[in-house]
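# Architecture at a glance
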Amino acid sequence: MSGIVIVGAGQAAASMAAKLRSEGYTGAVTVIGDEPCPPYQRPPLSKAYLLGEMPLERLTLRADEFWTDQKITMRTATNVQAIDPAARAVTFGGETLGYDQLALCTGAPARRLPAAMGGDLPGVFTVRELADTDAMAPHFQPGKRLVVIGGGYIGLEAAAVARKLGLSVTVVEAAPRILGRVACAQTADTIRALHIANGVILHEGTGVEMLLGQDHVTGVELSTGEVLPADLVITGIGVTPATALAQAAGLAVGNGIVTDSLGRTSDPQIWAAGDCAEIALDGGRARLESVGNAIDMGELVAQNMLGANIAYTPKPWFWSDQFGSKLQIAGWNAGATQIITRAGDGQSFWYFRDGRLIAVDALDDPRAYMVGKRLIEAASSVTPEDIADPKVDLKSLMRR
Ligand SMILES: Cc1cc2nc3c(=O)[nH]c(=O)nc-3n(C[C@H](O)[C@H](O)[C@H](O)COP(=O)(O)OP(=O)(O)OC[C@H]3O[C@@H](n4cnc5c(N)ncnc54)[C@H](O)[C@@H]3O)c2cc1C
């Protein structure tokens, strides 16, 4: 009884395991995750759950009975230490478990500041796991001083929650502007204005020298020499794909576990999906860190394990909630040569590359998001002039 073993019990693993059953696979399915709980959704960890507006039960992706009913063995609090590709087995604790096919859905843990910079001081948090949010939430009390290091989506979401709960909040971003890696200047300007209007202090183009404190963090020393007093610090400085297991097993690893168009790694019996997987995207290689990708790729790998032979066509989409505003993103904006701003129900920013629509950021504008997503997926010939013209009805563009 070898069957299929999935390492990591997050979003991609949950989708993959469920899909194996819905596609009719009757062999053994074992999901092994190192967190103490069955798969849950991470996005609320920096949004509604951190704010205290979402109960724990709603984070869980499936009730425990689902896994039991589907005869999927869910092993939690179990770290897989090694893969032996020749023996087709994984080891954890003192146990060895054989597999016919193996999937790596190990995700991408949050980067931390090194201990030499004070990164391990009490009061310094990252936002990746439920345990992280549970540990920091009690510190979110009115009047406390929070410094967020990193102006990406997760840091900015945590900053917004903290302001809502009455903390004084400063965001420090080393790059010239917030959201530099993921969004255009227009989107960043809109989000910056939202934060400033809600009382967040922003330092852009400013590095961090050191986190200060003895038994607990007390401040952040900036590259300018200024010291920001802090009762707590959140580092939102990106993630590193969990590739160590794959690398030690001799699998090809680049900016993630290298997969082919089917989701297969360099070992034909081993697959990868979700945040840890490097995929072909838009003529290059990339990793997508999003729920949509974890679900789609997880399900696709399940089908391909059963012989479907379907190539993965990523359809990137993402969202972010800050101060009651919703930013929805469709497409992949790398290499954009032109950005068009359009006012609608809210505001939207349309990315074109050499005249072709490649992505849209829609702020409080679900219609722009929906139309943009469809146009991108249909490889529509919509032009920058169409989008720039306020007289052109967006929905009419989908009928062309
Ligand atoms: C705070 C936060 C907010 C987010 N907001 C959004 C959002 O608004 N929209 C969006 O689309 N995406 C968002 N994301 C990203 C999204 O949650 C991830 O892209 C998604 O969870 C990836 O799924 P995954 O299965 O690849 O990895 P994960 O869900 O991270 O699961 C991987 C699991 O594998 C475990 N693991 C790793 N190595 C081992 C091992 N050796 N043995 C056993 N277990 C192991 C890890 O501990 C982890 O539990 C957010 C993420 C975070 C952290």
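Preceding this section is the structure that the text describes.
The sections below set out a description of the structure shown in this document. For clarity, every value in this text was computed on a predicted model and none was experimentally measured.

### Notes on the overall build of the chain
Scanning the chain for helices and strands turns up 11 helices and 25 strands. Its C-alpha atoms give the chain a radius of gyration of 22 Å, near enough to 21 Å, the size a compact globule of 400 residues would have. Projected onto the principal axes, the alpha-carbon positions of the chain cover approximately 65 × 60 × 35 Å. Taking all 400 residues of the chain together, 52% fall into the buried category. Look at the contacts in the chain between residues 6 or more apart in sequence, and 60% of them connect residues 24 or more apart. In the form shown here, the chain has an accessible surface area of approximately 17100 Å², with 51% of it arising from carbon and sulfur atoms. Distance between charge centres in the chain, computed from 34 positive and 43 negative side chains, equals 6 Å.

### Some details on the sheet that holds strand E14 (residues 227–229)
The strand order across the open sheet built from three strands is E12-E13-E14, with neighbouring strands paired in antiparallel fashion. The open sheet has two edge strands with one neighbour each: strand E12 (208–212) and E14. Neighbouring strand axes in the sheet, compared pairwise and without regard to direction, differ in orientation by 20° on average. Relative to E14, strand E13 (residues 219–222) runs antiparallel, the two being bridged by three bridges. Counted as the bridge partner of Val220 is Leu228 from E14.

### Thoughts on the site of the ligand
Around the ligand lies a shell of 33 residues, among which Asp34, Glu35, Lys47, Arg128 and Asp275 are the nearest. Here an oxygen atom of the ligand and a side-chain polar atom of Glu35 are 2.5 Å apart. Contact distances for the ligand include 2.6 Å between an oxygen atom and a side-chain N or O atom of Lys47. For the ligand, whose unbound accessible area comes to 1000 Å², protein coverage reaches 95%.

### What to know about the packing of aromatic side chains
In this structure the tally under the stated criterion is four aromatic pairs. Their ring planes at 35° and their centres at 5.4 Å tell us that Tyr153 and Phe318 sit as a pair that is tilted. Of the two residues, Tyr153 is situated in helix H5 (residues 153–164) and Phe318 in strand E21 (residues 317–322); the sequence distance between them amounts to 165 residues. You can call Phe318 partly exposed: its relative accessible area is 27%. With 6.4 Å between their ring centres and 40° between their planes, Phe318 and Trp319 make a pair best called tilted. Members of the aromatic cluster, each reached through a chain of ring pairs, are Tyr153, Trp317, Phe318 and Trp319. Geometry around Phe66 places Arg62 over its ring, the cationic atom sitting 4.0 Å from the centre.

### A word on the pattern of salt bridges
Evaluation of the coordinates by the stated rule reveals 15 salt bridges. Between Arg287 and Glu289 there is a salt bridge whose closest N-O contact spans 2.9 Å. Assessed through its relative accessible area of 30%, Glu289 is described here as partly exposed.

Rules of the game
Residues numbered from 1 in each chain as written. Predicted model: local features only at pLDDT ≥ 70, side-chain atom pairs only at ≥ 80, totals over all residues. Heavy atoms only, no water. Helix = DSSP H or I, 4+ residues; strand = E, 2+ residues; numbered from the N terminus. Rg over C-alpha atoms; globule rule 2.2 N^0.38 Å. Buried < 20%, exposed > 50% of the residue type's maximum accessible area, 1.4 Å probe, protein only. Contact = heavy atoms within 4.5 Å. Areas by Shrake-Rupley, 256 points an atom, 1.4 Å probe, with all protein chains shown as cover. Lys, Arg positive; Asp, Glu negative; His and termini not counted. Charge placed at Lys NZ, Arg CZ, Asp CG, Glu CD. Pairing = 2+ DSSP bridges. Axes fitted to C-alpha atoms, helices over the stretch in contact; angles between N-to-C directions. Near = heavy atom within 4 Å. Polar contact = N/O pair within 3.5 Å; in protein donor to acceptor, adjacent residues only side chain to side chain. Phe/Tyr/Trp six-rings, centres within 6.5 Å; stacked < 30°, edge-to-face > 60°. Lys NZ or Arg CZ within 6 Å of the ring centre and 35° of its normal. Salt bridge = Lys/Arg side-chain N within 4 Å of Asp/Glu carboxyl O.

Read these as geometric descriptors, not functional statements.
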